[in-house]
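# Working through the structure, step by step
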Amino acid sequence: MPYYSRLDPAEGTALDASDFTVELDRHRRYLLRVAQLQLRDAAAAEDVVQETLVAALSAREGFTGRSSVKTWLTGILKHKIVDAIRQKQRQPVVAASFDEETDLDDFDPLFKDNGAWQAPPADWGDPENALSRQEFMSVMEMCLERLPPNTARVFVMREVLELETEEICKELTITANNLWVILYRARMSLRECLERNWFSDPAHA
Amino acid sequence: MLHRLTHMVSCKEATRLLSQAEDHRLSHIERIKLRLHLLACVACSRFSRQLALMREAVSRFRT
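Rules and cut-offs
- Residues numbered from 1 in each chain as written.
- Chains lettered and ligands numbered in written order.
- Predicted model: local features only at pLDDT ≥ 70, side-chain atom pairs only at ≥ 80, totals over all residues.
- Core = buried A, V, L, I, M, F, W, Y, C linked by C-beta atoms within 7 Å.
- Buried ≥ 20, exposed ≤ 12 C-beta atoms within 10 Å, placed from the backbone.
- Helix = DSSP H or I, 4+ residues; strand = E, 2+ residues; numbered from the N terminus.
- Domains from an automatic or database assignment.
- Contact = placed C-beta atoms within 7 Å.
- Nonpolar A, V, L, I, M, F, W, Y, C, P; charged D, E, K, R; others polar.
- pLDDT = per-residue confidence, 0-100.
- Axes fitted to C-alpha atoms, helices over the stretch in contact; angles between N-to-C directions.
- Parallel < 35°, antiparallel > 145°, perpendicular 65-115°, else oblique.

Right, let's talk about the nonpolar core for a bit. Within the largest apolar cluster, 43 residues are counted, with the highest numbers of intra-cluster contacts made by A:A35, A:V154 and A:V156. Elements represented by at least two residues in this core include exactly α2 (28-39), α3 (42-58), α4 (69-90), α7 (134-146), α8 (149-160), α9 (165-172) and α10 (176-199) of chain A together with α4 (42-62) of chain B. It is α10(A) that contributes the most residues to this core, ten residues altogether. Residue-level mapping places this core at the junction of two domains, with at least three residues from each of domain 1 (3-90) and domain 2 (97-199) of chain A. Apart from residues no more than four positions distant in its own chain, A:V154 is found in contact with A:I168, A:L179, A:I182, A:L183 and A:A186. Within the second largest apolar cluster, nine residues are counted, among which are B:A14, B:L18, B:C41 and B:F47.

Structure below.
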């Protein structure tokens, strides 16, 4: 039986707090990885994950089992990360550093002068072949960690935490145009990294 | 003639539009230009499927 169905209030068999703590702890490493990618600060990442787990524990009655525990925790983590960013922004701002990462010229080498691909993307084969492999997910994580810091932060906010673009712009005080450039850059880099480190291996395509 | 229709945007521009399409709704004219380009361009069609795969991979990372 899936874990969450045992929590279904309709069944009246909600787990006690200690079982729930064990379950939450299983997701701790994942939450830390996401928080670390976003905040780029081990201590701050520890803090938000701790807060997330505490909040989850005290809100466990509210967990309906409609989503997985991991998805539910990701939702809580999202709010804690936004809080952490807000607090940080009251301190001296780092916004200027975004400028370095919003320069589109960096991608010119990917395209010829007429805008055509310098080296067109390879055929990645059946997506399911990659997606079902744990090693592929590890390669993806490595590729995320290799992104420039602010680029990774924005990408995680958008794609992992699923924040709306308006919210990201507001929290990071960047323009919508900057945001698109950063996300474009993140996707292009990620694509190249996956192609080089996974799909170029004939065994993987 | 056909080439002119399908290459109103370059590959560079098409990749930018494909990325933006994940974050906001493109304008009518952008969507038409992009669709025409994808009809003729194998490389950008691949790129489009690769974007979808990356999105799917991230969503599995999350769940």
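Now that the structure is up, let's keep going.
Moving on to the interface of chain B and chain A. Between chain B and chain A, the contact holds 24 residues from the first and 26 residues from the second. Counting only elements with at least two residues in the side of chain B that touches chain A, the list comes to α2 (11-20) and α4 of chain B. No other element matches α4(B), which puts 14 residues into the side of chain B that touches chain A. Considered class by class, the residues forming the side of chain B that touches chain A number nine nonpolar, six polar and nine charged.

With that settled, consider the confidence of the model for chain A. Residues and elements named next belong to chain A. Of the residues in chain A, 82% have a pLDDT of 70 or more, and the chain-wide mean is 83. Summarising per-element confidence for chain A, the mean pLDDT is lowest in helix α5 (residues 97-100) (62) and highest in α10 (94). Low pLDDT (under 50) marks residues 1-13, which in the prediction has 15 contacts with non-local residues, meaning those over four places away or in another chain.

Residues and elements named next belong to chain A. Along its sequence, chain A is carved into domain 1 (3-90) and domain 2 (97-199). Put simply, the parts of the chain that give the side of domain 1 that touches domain 2 at least two residues each are α2 and α4. The dominant element in the side of domain 1 that touches domain 2, judged by the number of residues it contributes, is α4, at six residues. By residue class, the composition of the side of domain 1 that touches domain 2 is five nonpolar, two polar and four charged.

What follows concerns the packing of α2(A) against α8(A). All names here are of chain A. Their axes nearest at 7 Å, the elements α2 and α8 cross at an angle of 135°. Relative to α8, the element α2 is oriented oblique. Contacts between α2 and α8 involve V34, L37 and Q38 from the first element and A152, R153, V156, M157 and V160 from the second. Looking at side-chain class alone, the contact of α2 with α8 contains six nonpolar, one polar and one charged residues.

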